[in-house]
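These are the residues of each chain, in order.
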Amino acid sequence: MTPSLLVLVAGAFFVGGAISFHQQRKPLWSVILIAVIAAALIGYGAYSWSVSV
């Protein structure tokens, strides 16, 4: 597994966490924070994967 793929998997994990927090009615700021982290990880993973290919 390349580091880019690991970053993408971590981003998917955070997406699941954001969905789970939303379903549990956690505070909106925490859901948004996790979603932003997920988007950053997926964006960086996709960018680094496209550059390395």
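Remember, it's a predicted structure, so these values are computed and weren't measured experimentally. (Residues numbered from 1 in each chain as written. Predicted model: local features only at pLDDT ≥ 70, side-chain atom pairs only at ≥ 80, totals over all residues. Heavy atoms only, no water.)

This paragraph deals with the overall build of the protein. Across its full length, the protein holds 2 helices and 0 strands. Seen through its principal axes, the protein has C-alpha atoms that stretch 40 × 15 × 10 Å. Counting all 53 residues of the protein, 17% fall into the buried class. Only carbon and sulfur atoms are counted for the fraction: they give 77% of the accessible area of the protein, which is about 3,900 Å². (Helix = DSSP H or I, 4+ residues; strand = E, 2+ residues; numbered from the N terminus. Buried < 20%, exposed > 50% of the residue type's maximum accessible area, 1.4 Å probe, protein only. Areas by Shrake-Rupley, 256 points an atom, 1.4 Å probe, with all protein chains shown as cover.)

The next subject is the UniProt feature "transmembrane region" (unreviewed entry) in the protein. In this structure's numbering, the residues bearing the UniProt feature "transmembrane region" (unreviewed entry) are residues 30–49. With 100% helix and 0% strand, residues 30–49 has end C-alpha atoms that lie 28 Å from one another. (UniProt positions renumbered as here; feature names shortened; annotations may be inferred.)

One non-glycine residue, Arg25, lies in positive phi territory at about 60°. Tracing the backbone shows Arg25 in the loop between helix H1 (3–23) and helix H2 (28–52). What makes Arg25 exposed here is its relative accessible area of 70%.

Here we take up the packing of H1 against H2. H2 packs onto H1 with a crossing angle of 160° between their chain directions and a minimal axis gap of 8 Å. On the basis of the axis angle, H1 is roughly antiparallel to H2. You can see that H1 and H2 cross each other, and the crossing is left-handed. (Axes fitted to C-alpha atoms, helices over the stretch in contact; angles between N-to-C directions. Parallel < 35°, antiparallel > 145°, perpendicular 65-115°, else oblique. Left-handed = near helix turned anticlockwise from the far one by under 90°.)

Attention now moves to the packing of aromatic side chains. Counted by the stated rule, this structure contains 1 aromatic pair. Aromatic pair Phe13 and Phe14: ring centres 6.0 Å apart, planes at 85°, arrangement edge-to-face. The ring of Phe21 carries the charged tip of Lys26 above its face, separated from the ring centre by 5.9 Å. (Phe/Tyr/Trp six-rings, centres within 6.5 Å; stacked < 30°, edge-to-face > 60°. Lys NZ or Arg CZ within 6 Å of the ring centre and 35° of its normal.)

All right, on to H2 then. Between its first and last C-alpha atoms H2 spans 36 Å; for 25 residues at 1.5 Å apiece the expected length is 36 Å, and the two agree. Among the residues making up H2, those that are buried are Ser30, Val31, Ile34, Ala38, Gly45 and Ser48. (Expected span 1.5 Å × (residues − 1).)

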